[in-house]
Amino acid sequence: MAPKKKPAAKAAKGAKPVMKAPAKKPAIKKPAAKTSMKAKASKPKEALVVPASLKALEARVVNLERRPDRWKRVATMLKKELPWLHFERFLASDGSKMTIPEEEVTAKWNTARNANFADFYEWAFEDGSTWMWAADAPEEDDQWRFTEDGDGFSYVRDAPSFHQKPAFTGSLEKKSTGEKFKVTLRFAQQYLNPGETQLMSGGERGCAHSHRRLWEFASKRAEPTLVLEDDVHLGFDRNGDKGKMNGKVFTKRLAEAIARAPEDFDVIYLGWSGWRGGNFKLWKEDDSGLSNADRTFIQKAEYVWTTVAYVISQAGAQKLLQLATPIDQPVDNFMAWQASQGNLKSFVALDEGDEDSTWAGGIVDQFDFQGDSDIKKSDGGHQGDDAKDFAA
C-alpha cells in the first residue's frame, strides 16, 4: 500500500465510514506449494556490479494463486532490472477463500492507536455537525463551493502542531439555495478516544496473514530477507525530477541503505509514506545515530505505511512474531505502531530526490493497476497513505 495516492471516498454530511459485513468463511484451503524462480543470467548493456552486502539477499514475492497475471508482470520486471536477485513466488493467503485463524489475525481492529498518525480531520458546521472529511473537501462540486481562509490546511505540514495553531476556518456555499455557512476544521476525536471499531476486510486479513507467514520464513534465515508485494514497481518517475528509476539505481541505493543502517536494524522500508526522520509527527529527537551522510540514504521510521517492499532481518522477523499474538490491525498499521512504540527498529530508504518535506518516497513505487486491488481498506480512506498534499 504505497506511495501512489488514491482519493478517498466522499463522506456525506455527518457520515461515518461505512462498515461492510465480512463475507462468510469457506472451509480452509492451504496455499499451494510455492513456485521457485531464479532470474536468468542475462547480460545487461552495462555490467552490473553487485555489492557484497546484497549477494546473500533473497526475495519472496507475495502473489495470489488466482493472479498469475500480476506474477508474470513482476517476475518479468525483476528478471530484467535485477538479474542478480534470487526471488521466489510466495503464494498469498487468500482471505476471500480460506479461514484465517483469529488467534493469528483478528477480524476487527480499533483506530485508537492509528488515529494519532492518520488523517482524521473533518470540517464541521457551527452547530457541531460534520460537513466533510478534510481529505475529501473540494473547492467546488455539484452541491458546494468551498473556500479555506488564509493559507489553508495541509495535513503533512500542519498535523504535527495542529492543536497549537489558530483554528482553521472556511466559507461554504450551498449551490442549490445560495445559503452560506462557516466551517471549522477539527480532529475527529472519537477515532482516538475511545476509538472506532472497524471490520478488517478479507483482503486485509489475507495480506496480514501472508506477511505473518513471511516473518516465519525470515525468522529462520541468518541473512536479511527482501519482502515484495506483486505490485512493486521500479520504472517510476523519481522525486526531484531525477528521471526514471531503474535496476542500476535501485541496486546502488539499496546497498547503501543496508550498509549505512545500524547492525541491529529490524526493518528497512523501500517504498513508504508517512512520518520519519526529517518529518516526525510526535517524536522530538532522532536517536538513530545516523550521520548526515547516512541520512541521504536512510532515515529512522516513526510511523510509515505500505508493505510493498521491505528488507527484514532475522531479529526483526522474530520480534514481529512475538508481537503478533495476534496481528490486530491492518499489517502496515501493525508494523508502524510497533516502530512508533520503540518495539521495532525501522528505517526508510531514501532516493536522491527525497527531501524532509517528501511525504511518499523511496526506491520503489506501486504499479498502477487502475483500481484493480485485491485488498479493500477498512479505514474509510483515512490512513496517512491517502494524504494528498505535501508540506509547503
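Residues numbered from 1 in each chain as written. Predicted model: local features only at pLDDT ≥ 70, side-chain atom pairs only at ≥ 80, totals over all residues. Heavy atoms only, no water.

Under the counting rule described, the total for this entry stands at 25 salt bridges. With a closest N to O distance of 2.8 Å, Asp69 and Arg67 form a salt bridge. Here the salt bridges do not stand alone but share partners, grouping Arg238, Lys242, Arg253, Asp351 and Glu352 into one network. (Salt bridge = Lys/Arg side-chain N within 4 Å of Asp/Glu carboxyl O.)

As for its position among the elements, Asp351 is in the loop between strand S17 (346-349) and strand S18 (360-362). Of note is the side chain of Asp351, whose polar atom sits 2.8 Å from the side chain of Arg238. (Helix = DSSP H or I, 4+ residues; strand = E, 2+ residues; numbered from the N terminus. Polar contact = N/O pair within 3.5 Å; in protein donor to acceptor, adjacent residues only side chain to side chain.)

Where strand S5 (residues 121-125) meets strand S6 (residues 130-133), three bridges bridge the pair, whose relative direction is antiparallel. In the strand pairing of S6, Glu122 is matched with Trp133. Linking S5 to S6, which pair antiparallel, is a turn of four residues; within it Gly128 sits at a positive phi near 95°. (Pairing = 2+ DSSP bridges.)

Take helix H5 (residues 247-260) next. Taking 1.5 Å of rise per residue, 14 residues should cover 20 Å, and H5 covers 20 Å from first to last C-alpha, within 8% of that figure. Along H5, the residues classified as buried are Gly247, Phe250, Thr251, Arg253, Leu254, Ala255, Ala257 and Ile258. Here the buried face of H5 lies against helix H1 (68-81), strand S13 (267-269), strand S15 (298-305), strand S16 (309-312) and S17. Structurally, the start of H5 carries an N-cap: the backbone nitrogen of Lys248 is 3.0 Å from a side-chain oxygen of Asn246. (Expected span 1.5 Å × (residues − 1). Buried < 20%, exposed > 50% of the residue type's maximum accessible area, 1.4 Å probe, protein only. Contact = heavy atoms within 4.5 Å.)

Now for the sheet that holds strand S8 (residues 169-174). Overall, antiparallel pairing links the five strands, which are arranged S6-S5-S9-S8-S7 in an open sheet. The open sheet terminates on both sides in strands that have one partner only, identified here as S6 and strand S7 (144-148). Here the strands of the sheet are splayed against their neighbours by 30° on average, with no regard to which way each runs. Both S5 and strand S9 (residues 180-187) contribute to a ladder of five bridges, which runs antiparallel. From the neighbouring strand, Glu122 faces S9, where its bridge partner is Arg186. (Axes fitted to C-alpha atoms, helices over the stretch in contact; angles between N-to-C directions.)

Turning to helix H7 (residues 331-340), a few remarks are in order. In terms of residue burial, H7 counts as a mostly covered element, since ten of its ten residues are buried. All of the buried residues along H7 are Val331, Asp332, Asn333, Phe334, Met335, Ala336, Trp337, Gln338, Ala339 and Ser340. Backbone geometry just after H7 places Gly342 at a positive phi near 80°.

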